[in-house]
Amino acid sequence: MRERERTGNSMPIEQLLSSLSRSEFSGDVAGDAGSRTVFSTDNSIYQVRPAAVIFPKNAHDISTVVKQAHALKITVTARGGGTGTNGQSLNTGVLIDTSRHMNQIEELDISAGSVTVQPGVVLSQLNQFLEPHGYFFPPTVSTASRATIGGMVATDASGKGSRIFGKTSDYIESMQVVLSDGSVSTIKTLDFAEATEIAKQENLIGHAYCEVLRVVAQNAAEIDKTFPQMNRGLTGYNLKNIVGADNRIRLSYLLAGSEGTLAITTSITLKILKRPALRALVPIRYEHFQTALEDVQHLLKANPSAVEIIDDKVLSLAQQDPVWNSIESVLGKGSSVKVGGLNFVEFLADDEMQLSAQLDRLVDLLNGGQNEFIDWTIVTDPHLISELWSLREKSVGLLGRLSPTKQGTAFVEDAAVPPERLPGFVREFREILDAHGVTYGMYGHADVGCLHVRPALNMRDKGDAALIRPISDEVAKLAKKYGGLLWGEHGRGFRGEYSPFFFGPVLYRELCKIKGAFDPLNLFNPGKLALRMERQSTRSTTCHYVAKSTDRLLAISQKPMTARLPATAMEPASTGTRPIRCVLPIR
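Residues numbered from 1 in each chain as written. Predicted model: local features only at pLDDT ≥ 70, side-chain atom pairs only at ≥ 80, totals over all residues. Heavy atoms only, no water.

## Quick word on the overall build of the chain
Each helix and strand counted, the chain has 20 helices and 21 strands in total. At 24 Å, the chain has a C-alpha radius of gyration in line with the 25 Å of a compact globule built from 587 residues. The C-alpha extent of the chain, read off along each of the three principal axes, is 70 × 55 × 45 Å. Counting only residues that meet the buried cut, the chain has 60% of its 587 residues in that class. Counted over contacts in the chain with a minimum sequence separation of 6, partners at least 24 positions apart contribute 73%. As presented, the chain carries roughly 22,700 Å² of accessible surface, and 49% of it is formed by carbon and sulfur atoms. The positive charge centre, built from 63 side chains, and the negative charge centre, built from 63, are 8 Å apart in the chain. (Helix = DSSP H or I, 4+ residues; strand = E, 2+ residues; numbered from the N terminus. Rg over C-alpha atoms; globule rule 2.2 N^0.38 Å. Buried < 20%, exposed > 50% of the residue type's maximum accessible area, 1.4 Å probe, protein only. Contact = heavy atoms within 4.5 Å. Areas by Shrake-Rupley, 256 points an atom, 1.4 Å probe, with all protein chains shown as cover. Lys, Arg positive; Asp, Glu negative; His and termini not counted. Charge placed at Lys NZ, Arg CZ, Asp CG, Glu CD.)

Given below as structure tokens:
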């Protein structure tokens, strides 16, 4: 007898796969246990086996899948390169993988400074394509060789250089998306009057626009009060940037970072920039990591494109890596004291005069600074700069060597606070980790207040696994105390349970209404970011909302976790109508 997983909805899944085989669907389908197990994990500690994996070839395929899933009430979750560190693309039901077939660059428009891509295009693939034309797509991530543009949109990704260049959402010109009923919509910048006209439509996109416009209009003061005043703001349902200073509506800011809970992207038109002709990198060595942190605000006066920081643990592990042979001349110079911290300060320029002026400014600041450093080196050789940056990109892998039995584990790895408050935050962060007796390394984007921290844990050890909850709760409280948030770069995923804590009860309830307007049946990546509240009347301006009694946010301690339990699927949520209240997740 063929093995059957207890997903609670095997018959609808079989109906869906059968109907796809008889339709105009042109993609691939995998329902076997092996494929489902492969796609049950990503780059996180979680493991959730989907009921089936579908590989569409075009937007029509995705629309077809969603329409049939909608009719059968089967949940649908989109997946890109599987690089998410918090289980963003893990769920039951159908998983749609766009990386296999929908990976084409559709159009380059140099005159408009834009490029249109399918969601499965990989970041490094895009920039390699753009390089001969003298352009680049600025948002960067350390997983550039695997991360897809669709995934970057889903988490509103950013990385090195974001203080100057911003996040993925800042570059979206337009998006073609499939909504939860299978309808297709183009999301682009609209005049307020145009958006208002769409909001009058009696269809899903009309209801969505109507609800979003109501939320941002009625909660302007609460949004200003709640959203942090910093580069790494509250991603995922970004209410703050929907209405621009020009009073134009950009729904792309809402969808970017929504992790496939509101719509599934099928095509994205992105702004691109001219590639800077020159760059220089100045590694500055310090005796203490805390001193390096405290010096960042001083270094920013030189207006570099980035200031990245690395601690002594990463630096020590790098000396055992092949990359050290090419960078030892810069970072391994003799010193009378041990190097405890390192700042990488980068400058970009279009000509030698501009670059020289930037470097002169930094040198003046270093010579007149109050914080003590060991030394600094100006590097202008492009190859050596690339090698030095490869050390920073390898930090995740290097921290995997902290212990022979433990692995650097992502769960509080991207907390962010206003950069001027980073030293104090890190000091207390260290106290939390030290109190729990864990080993860890630190590195990240000090210029924007986002630090990557991966405690070394053995997830097969019940004691280590049990640390996920208390450390997460304590770091969440600490981040909020310092005016920041728990997720500054890598999305929320299972950490969506902290949404009410950071958004507050008023705005979180509004997020639930927006989720309900876009996804009335709770089909898209359910349990992530926000619960669905169901509209009880025709127009959202006058309607009554009811929360579904069986809807719940998935928790960071949700079982199963990778390396602890076998790959079994979670039971899908059933439906109900009894209202529930949102409870803050901090234990």
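## Looking at the packing of helix α7 (residues 192–199) against helix α8 (residues 204–218)
In the contact formed by α7 and α8, the axes pass within 7 Å of each other and the chain directions differ by 125°. If you check the angle between α7 and α8, you find them oblique. Contacts from Phe192, Ala195, Thr196, Ile198 and Ala199 of α7 reach α8 at Ile205, Gly206, Tyr209, Cys210 and Leu213. Of the residues that constitute the contact of α7 with α8, the class distribution is eight nonpolar, two polar and no charged. (Axes fitted to C-alpha atoms, helices over the stretch in contact; angles between N-to-C directions. Parallel < 35°, antiparallel > 145°, perpendicular 65-115°, else oblique. Nonpolar A, V, L, I, M, F, W, Y, C, P; charged D, E, K, R; others polar.)

## Looking at the pattern of salt bridges
The tally for this structure, following the rule as stated, stands at 23 salt bridges. Between arginine 401 and aspartate 321 there is a salt bridge, with the nearest N and O atoms lying 3.0 Å from each other. Placement of the pair is arginine 401 in the loop between α16 (395–399) and β16 (407–408) and aspartate 321 in the loop between α12 (312–318) and α13 (324–331), with a sequence separation of 80 residues. Its relative accessible area of 40% is what places arginine 401 among the partly exposed residues. When its relative accessible area of 7% is taken as the criterion, aspartate 321 is described as buried. For aspartate 473, the salt bridge is made with arginine 469, and the minimal N-O distance between the two is 3.2 Å. One end of the pair is aspartate 473 and the other is arginine 469, both in helix α19 (residues 468–481) and four residues apart, which spans about a single turn. (Salt bridge = Lys/Arg side-chain N within 4 Å of Asp/Glu carboxyl O.)

## Considering the sheet that holds strand β18 (residues 450–453)
Hydrogen bonds between backbone groups are what pair the strands of a sheet, and the pairing can be parallel or antiparallel. As summarised here, the arrangement of the six strands in space is β15-β12-β14-β13-β17-β18, forming an open sheet in which the pairing is antiparallel. Every other strand in the sheet has two partners, leaving β15 (375–376) and β18 as the edge strands with one partner each. Relative to strand β17 (residues 442–445), strand β13 (residues 306–311) is paired through two bridges, and the arrangement is antiparallel. Residue pairing in the sheet places isoleucine 309 in a bridge with glycine 444 of β17. Of the strands in this sheet, β12 (278–286), β14 (341–349) and β15 touch helix α14 (residues 352–368), which is tilted by about 150° from β14. In the packing of helix α15 (residues 382–393) onto the sheet, contacts are made with β12, β13, β14, β17 and β18, and the angle to β12 comes to roughly 50°. (Pairing = 2+ DSSP bridges.)

## Re the environment of glycine 134
Looking at the secondary structure, you find glycine 134 in the loop between α4 (123–130) and β7 (135–136). Distance in space between the C-alpha atoms of glycine 134 and valine 453 is 35 Å, their sequence separation being 319 residues. With residues up to four places along the chain from it excluded, the contact list for glycine 134 reads Leu273, Lys274 and Arg275.

## So, the nonpolar core
A general feature of soluble globular proteins is that nonpolar side chains tend to end up buried together. Formed by 129 residues in total, the largest nonpolar core has its most connected members in Ile149, Tyr209, Leu239, Leu254, Phe425 and Phe518. If we skip the residues at most four places from it in the chain, phenylalanine 518 touches Leu179, Ser180, Leu204, Ala208, Val212, Leu251, Leu254, Leu255 and Leu262. Counting 23 residues, the second-largest nonpolar core is a separate cluster that includes Ile310, Trp324, Val330 and Val339. (Core = buried A, V, L, I, M, F, W, Y, C linked by side-chain atoms within 4.5 Å.)

## Some thoughts on the side chain of glutamate 489
For glutamate 489, the location among the structural elements is in the loop between α19 and α20 (499–518). Look at glutamate 489 and you get buried, because its relative accessible area is 10%. Within the local environment of glutamate 489, its side chain forms a polar contact with the side chain of histidine 445, the two groups lying 2.8 Å apart. Discounting residues that sit within four places of it in the chain, glutamate 489 has contacts with Thr155, Ala157, Ser158, Gly159, Arg232, Asp414, His445, Cys450 and His452. (Polar contact = N/O pair within 3.5 Å; in protein donor to acceptor, adjacent residues only side chain to side chain.)

## Focus on the packing of α8 against α20
Contact geometry for α8 and α20: axes closest at 8 Å, N-to-C directions at 165°. Between α8 and α20, the angle is such that the two are roughly antiparallel. Handedness of the α8/α20 crossing: left-handed. Every residue of α20 that contacts α8 at Leu204, His207, Ala208, Glu211, Val212, Arg214 and Val215 is listed here: Glu510, Lys513, Ile514, Ala517 and Phe518. Of the residues contributing to the contact of α8 with α20, the split by class is seven nonpolar, one polar and four charged. (Left-handed = near helix turned anticlockwise from the far one by under 90°.)

## Considering the sheet that holds strand β6 (residues 114–117)
The strand order across the open sheet formed by five strands is β5-β6-β10-β8-β9, and the pairing between neighbours is antiparallel. Each edge of the sheet is formed by a strand with only one pairing partner; in this case those strands are β5 (105–109) and β9 (184–188). Shown here is a sheet whose adjacent strand axes are inclined to one another by a mean of 15°, direction ignored. Against the sheet, α4 engages β5, β6 and β10 (264–271), with an angle of about 40° to β5.

## Focus: α4
Within α4, burial applies to Leu123, Leu126, Asn127 and Leu130. Across the axial projection of α4, the buried residues extend over an arc of 90°, all falling on one side. Contacts from the buried residues of α4 go to β5, β6, β7, α5 (149–155) and β10. (Arc of directions from axis to C-beta.)

By themselves, these figures tell us nothing about what the structure is for.
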